[in-house]
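Given next are the chains, with one letter for each unit.
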Amino acid sequence: MTTHIEAEDELVLKRQPFVPSLAVFHCRWCLPETDLVRSFLPPEVAECSTFITLNCTARMEAEFAIKAFSEGFDGVLVLGCEIGECHFRTGNHQAVKRLALLKKMMSLCGVYPARLGFFWISPYDEDAIRKNVGSMVHGISSVGPFKYGKTWIRPRPR
Ligand code: FES
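J.: Looking at this model, I keep getting lost on the overall build of the protein chain. Mind explaining?
T.: For the protein chain, the helix and strand inventory stands at six helices and four strands. Along the protein chain, helices and strands appear, N-terminal first, in the series α-β-α-α-β-α-β-α-β-α. Considering the protein chain as a whole, with its 158 residues, one finds that 35% of them fall into the buried category. In the protein chain, once contacts between residues fewer than 6 apart in sequence are set aside, the share between residues at least 24 apart is 77%.

So this is what it looks like as structure tokens:
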């Protein structure tokens, strides 16, 4: 039986190099400037990505990521304050739990889990941010486009 992940891997062989599009959610307390966040991505990726500012990553609902995937984005990136530095004290702790669970669910659904990236960063360590974001983009680039898009989330039959 072929799993979705294996099916995605087969696509890698047939596909041309492509530029992934990301939905980037970033906390406004550690990264208030969208232009700065944009600069962490390769220019061609930033060009076809969208950027959403959150008041805290605690506001990052799993539904936002699912909606982004269903709209056709190839990946979802969440950037929040370092653990222990959240302006609302435990907002990023809640986000970690929620996003880790979503990642597991993605894996069970046959979606390459590295399509969802979340990093808790210091705004002063731009090299680390670039490294983490770059490895996520590289991972998505190697598996290719998110082919399920609108078919991934189907309305419940009535
Ligand atoms: Fe930045 Fe909570 S305020 S993650």
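J.: Explain helix α4 (residues 62–70) to me, please; I cannot follow it from the model alone.
T.: An α-helical turn contains 3.6 residues, so a residue and the one three or four places further along point in the same direction. Where α4 is concerned, the buried positions are Ala 65, Ala 68 and Phe 69. Angularly, the buried residues of α4 cover 100° about the axis, an arc narrow enough to put them on a single face. Contact partners of the buried residues in α4: β1 (22–27), β3 (75–81), α5 (91–108) and β4 (116–121). Within two residues after α4, Gly 72 carries a phi angle of roughly 105°, on the positive side.

J.: Help me out: how do you make sense of the nonpolar core in this one?
T.: The tendency in soluble globular proteins is for nonpolar side chains to be buried as a group. The biggest cluster of nonpolar side chains holds 42 residues, and the ones touching the most others in it are Val 76, Leu 77 and Val 78. If you list the elements that add at least two residues to this core, you get β1, α4, β3, α5, β4 and α6 (126–143). Apart from residues no more than four positions distant in its own chain, Val 76 is found in contact with Leu 22, Ala 23, Ala 65, Ala 68, Phe 69, Arg 115 and Leu 116.

J.: What is the right way to read the sheet that holds β3 from this model?
T.: Sheet strands associate in pairs through backbone hydrogen bonding, adopting either a parallel or an antiparallel arrangement. Pairing in this open sheet of four strands is parallel, and the strands run β2-β1-β3-β4 from one edge to the other. Every interior strand has two partners, whereas the edge strands, β2 (50–54) and β4, have only one. For this sheet the average axis-to-axis angle between neighbouring strands, irrespective of direction, equals 15°. Examined bridge by bridge, β3 and β4 share six bridges and lie parallel to one another. Looking at the pairing, Leu 77 lines up with Gly 117 of β4.

J.: Which parts of the structure should I look at to understand the pairing of β4?
T.: Remark: a regular strand shows side chains that alternate across the two faces of the sheet. Across the six residues that make up β4, a large majority, five, are buried. Chirality of the crossover, the property in question, places the unit of β3, α5 and β4 among those that are right-handed.

J.: What am I meant to see in the environment of Leu 77 here?
T.: Mapped onto the elements of the fold, Leu 77 is located in strand β3. According to the C-beta neighbour criterion, Leu 77 is buried, with 28 such atoms within 10 Å. Taking the C-alpha atoms as reference, Leu 77 lies 6.2 Å from Ala 23; in sequence the two are 54 residues apart.

J.: Can you walk me through α5 in this structure?
T.: In a regular helix each residue adds 1.5 Å, so 18 residues correspond to 26 Å; α5 covers 26 Å between its end C-alpha atoms and thus fits that length. Residues of α5 that are buried make contact with α4, β3 and β4. Positive phi appears at Gly 110, one or two residues downstream of α5, with a value of about 85°.

Cut-offs applied
- Residues numbered from 1 in each chain as written.
- Predicted model: local features only at pLDDT ≥ 70, side-chain atom pairs only at ≥ 80, totals over all residues.
- Helix = DSSP H or I, 4+ residues; strand = E, 2+ residues; numbered from the N terminus.
- Buried ≥ 20, exposed ≤ 12 C-beta atoms within 10 Å, placed from the backbone.
- Contact = placed C-beta atoms within 7 Å.
- Arc of directions from axis to C-beta.
- Core = buried A, V, L, I, M, F, W, Y, C linked by C-beta atoms within 7 Å.
- Pairing = 2+ DSSP bridges.
- Axes fitted to C-alpha atoms, helices over the stretch in contact; angles between N-to-C directions.
- Right-handed = clockwise from strand over helix to strand, strands pointing away.
- Expected span 1.5 Å × (residues − 1).

Distances and angles like these do not, on their own, reveal function.
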